[in-house]
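Remarks on the overall topology
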Amino acid sequence: MLRKTLMNGAIAFAIVASAGAAQAQSAAADRPWMNTKLSADERAKLLDQALTEEERYGLLHGIMPLAFFPGAKIPEDAVPGAGYVPGVPRLGVPPLRETDASLGVSNPGGMRKGDTATALPSGLALAASWNADNAYAGGAVVGEEAAKKGFNVLLGGGLNLASDPRNGRNFEYLGEDPLLSGTLAGAAVRGTQEQKIVSTVKHFALNDQETGRNVVDAQIDEQGLRQGELLAFQFAIEKGKPGSVMCAYNKINGHHACDNDFLLNKVLKGDWAWPGWVMSDWGAVPGVSAAANGLDQQSGEQLDRQVWFDKPLKAAVSSGQIPQARIHDMAQRVLRSMFAVGLFDTPSRQGQPIDYAAGAKVSKTTAEQGVVLLKNDRGLLPMARTAKKIVVVGGYADLGVLSGGGSAQVITGTGNAASIPVGGESPLAMLANQVYHPSSPLKAIKAKAGKETTVRFADGRYPSEAAALAKDADVVVVFANQWMMESIDAGDLSLPQGQDGLIAAVAEANPNTVVVLQTGGPVLMPWLGKVGAVVEAWYSGVRGGEAIADVLFGDVNPSGRLPITFPASYDQLPNRQIPGFGYVGPSFTDPPEVAAEKMKSFAAPHPYGSDIGYRWYARKGFKPLFPFGHGLSYTSFKYGDLKVSGGDTVTASFDVTNTGPKAGVDVPQVYLTARSGAPELRLLGWSRVELAPGETKRVTVTADRRLLADFDVKARQWRVDAGTYDVAVGASSTALDAKASAKVKAGAIKP
Ligand code: BGC
């Protein structure tokens, strides 16, 4: 009997197997693009040939699959999220299901009821870790969760350079330096795409302010653009190979970024030979001309004035305005990335269980490494577990940690610890909520404090009350928050809602005051001289409260370094006010003529070119409040024996020694400081070095030659001039102790 069953099983298996082989054979015959031996380009070409004209146009535009839009019909195979582009079931082309963003699978406004995801720390927190491994791991976490929620495109990889500390989206991005930003964004994209889902980099380019983002015209000369923002994107694209690039809302030198021949055709697809597809930002397409100027796909089409990439595009092809070959190119670029990343060859993972504990671990490591100890007088930190009384003040520290708002808003863990409506008239006002993730720093501090310690909390609404409670404490920890959100820039750099006054009052009552900042970017600190310590914790993600407590008590030795300069005053900023300050965009209820008036463009000059952040301070001789690269540790480090060799580029090697009493991680940074005597300041590289007390390690950093070069606009290439190049190693962009120089040969590098 048993034998018979086994036999039958074997026969059944043989029949199934041969049917499978036959199917595979027929699939290979009717679907030659499924042959994985062919290149992504070959497969895309074959598939494009099989598409009807209607199917081809279908790939070139998509909706936001949200019931929110009047008359919206949500396709059955869509997942509510940022975007949806229909597939072609007849030919096995999957739909594109798109979700935001770099900091986790977002769920702004709770559009997928009850759906939570791992919240990573903000982009600035990641950048402050100066650790590409964190970027890779975070990208993988978001990619995997997105895939398991049914998405196959992640709108991640945000990296506009922080040319103004008030930009409302700095928290999503990676700071002010092209190499640091590009390296981390590239690693994040790689992490995501290894999960077989496409990642973007965005917003290409110069979307560096939210004020009037749909109308602002960023004005910059080509050399400044190439050596700054574009270099950051170039590094990210080279390292991450994103399947898609999202073009930005703003104009650049008079042309919309999504309708920009120079940016999309000449630079991205021409000079960089990038083979993927350009998708628009949501509502960023000014017209059908965008197709000729390099845009391949119109996203979130309900937000544009028209669905340009359907009927109007067909008409433009019929009239000869746009060649038919370009339509094939557009479709092939979409398909090519889908093949290259693996969308056709990977079975759906939708519905598979998600290991949120693993995601939280990645998030916590990044948060720990991203915390920056800005100031620590008299060794106030780490806090002693033997303290009798610790007072915690403000910042909703009893509930959780702050997060940034907009399309990147993640709902994490057990759901929001609090969601406080902000109101206002911003274009995304309905999403304007200060969301706190459920990881309470107060709870974490209580859990770590000694048995004999009393931990008290004042909500901070009344400075006098907090000061009275703080008076006899051994140490006071004030949490101070600056909430930032997509579509709104910070009006100024103060801590809002009277928190500067609160800190001053508490510090007056007790100098053992530690300020923990949870900010979307730099803030001014009028109270700095009065407090003992300042910790920048940024937005710290799903386990942020615990990460902060670990640093405060010294279980984690801080190793974060600023990826963005903190100004000492408004006079140090290239623009005293953000260009267009006070601009209010049209609202849905405006009559057309009012809306049109409000859509008038204004200029945002970038006379500083690529001298963003620390380079600007160096050029102007300004002393910032805290420089780019700065961050303290509970131990101390020393650099020595710097050797710099030249030739085609420079290579610096040096010793790093832990001269203090504790194990710790240092982040020595290598800068170019002069070329043939002419001062410059450019980050060439860095290393994260883990050292036991007394231990020494040797570090070697080799510069990418473009960082030594100037972009020669006329010759359309990078040019390295022969000469003596001065290099320094330091603990920040202004603490440059070890210096040496080397001779570099002349050279040219393709654009
Ligand atoms: C944002 C993008 C985002 C898109 C889709 C836009 O408003 O600028 O970053 O990916 O919305 O949600």
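Refer to the structure printed above.
These lines cover the structure that appears in this document, whether it is placed above or below. (Residues numbered from 1 in each chain as written. Predicted model: local features only at pLDDT ≥ 70, side-chain atom pairs only at ≥ 80, totals over all residues. Heavy atoms only, no water.)

A few words on the site of the ligand. Around the ligand, 13 residues are found, and the nearest of them are D100, R169, H203, D281 and E486. One of the side-chain N or O atoms of H203 is found 2.7 Å from an oxygen atom in the ligand. Residue R213 places a side-chain N or O atom 3.5 Å away from an oxygen atom belonging to the ligand. Protein burial of the ligand: of its 310 Å² of free accessible surface, 93% is covered by the chains. (Near = heavy atom within 4 Å. Polar contact = N/O pair within 3.5 Å; in protein donor to acceptor, adjacent residues only side chain to side chain. Areas by Shrake-Rupley, 256 points an atom, 1.4 Å probe, with all protein chains shown as cover.)

Oppositely charged side chains can form a pair if their charged atoms are brought close together. In total, this model carries 51 salt bridges according to the counting rule given. Of the charged contacts in the structure, one is a salt bridge between E238 and R706, with a shortest N-O distance of 2.7 Å. Taken as a pair, E238 in helix 8 (residues 229–240) and R706 in the loop between strand 26 (696–702) and strand 27 (710–712) lie far apart in primary sequence, 468 residues in all. You can call R706 buried: its relative accessible area is 9%. A salt bridge links R675 to E680, with the shortest nitrogen-to-oxygen separation between them at 3.2 Å. Residue classification places R675 among the buried residues on the basis of a relative accessible area of 16%. Its relative accessible area of 22% is what places E680 among the partly exposed residues. (Salt bridge = Lys/Arg side-chain N within 4 Å of Asp/Glu carboxyl O. Helix = DSSP H or I, 4+ residues; strand = E, 2+ residues; numbered from the N terminus. Buried < 20%, exposed > 50% of the residue type's maximum accessible area, 1.4 Å probe, protein only.)

Here we take up the sheet that holds strand 3 (residues 153–154). The strand order 1-2-3-4-6-9 describes an open sheet built from six strands, whose pairing is mixed. Every interior strand has two partners, whereas the edge strands, strand 1 (83–85) and strand 9 (277–280), have only one. In terms of strand pairing, strand 3 meets strand 4 (residues 198–204) through two bridges, oriented parallel. Its bridge partner being in strand 4, V153 is matched across the sheet by V198. Seen against the sheet, helix 6 (residues 178–193) touches strand 3 and strand 4 and runs at an angle of roughly 150 degrees to strand 4. Seen against the sheet, helix 12 (residues 324–341) touches strand 2 (96–99), strand 4 and strand 9 and runs at an angle of roughly 110 degrees to strand 9. (Pairing = 2+ DSSP bridges. Contact = heavy atoms within 4.5 Å. Axes fitted to C-alpha atoms, helices over the stretch in contact; angles between N-to-C directions.)

Attention now moves to the sheet that holds strand 20 (residues 637–645). The strand order 20-21-26 describes an open sheet built from three strands, whose pairing is antiparallel. Among the strands making up the open sheet, the edge pair consists of strand 20 and strand 26. On average, adjacent strands in this sheet sit at an angle of 20 degrees to one another, irrespective of strand direction. Pairing of strand 21 (residues 651–658) with strand 26, which is carried by seven bridges, proceeds in the antiparallel orientation. Opposite T657, over in strand 26, you have T696 as the bridge partner.

The next thing to look at is the nonpolar core. Judged by nonpolar contacts, the single largest core of 134 residues is most densely connected at F204, L313, L335 and V650. Top contributing element to this core by residue count: helix 12, with eight residues. Lining this core are residues from two domains, each supplying at least three of them: domain 1 (31–341) and domain 3 (627–749). Not counting residues within four places of it along the chain, the set of residues in contact with V650 comprises V644, S645, L684, V701, T702, A703, L708, Y725, V727, A742 and V744. (Core = buried A, V, L, I, M, F, W, Y, C linked by side-chain atoms within 4.5 Å. Domains from an automatic or database assignment.)

Tallied over the full model, the rule gives 17 aromatic pairs. Here the aromatic rings of W538 and F566 are separated by 6.3 Å at their centres, their planes lie at 70 degrees, and the arrangement is edge-to-face. Taken together, the residues W538 in the loop between strand 18 (533–536) and helix 17 (544–552) and F566 in the loop between helix 17 and helix 18 (592–598) connect sequence positions 28 residues apart. Residue class for W538 comes out buried when judged on its relative accessible area of 0%. For the pair Y608 and W616, a centre-to-centre distance of 6.1 Å together with 70 degrees between the ring planes defines the contact as edge-to-face. Like W616, Y608 is buried. (Phe/Tyr/Trp six-rings, centres within 6.5 Å; stacked < 30°, edge-to-face > 60°.)

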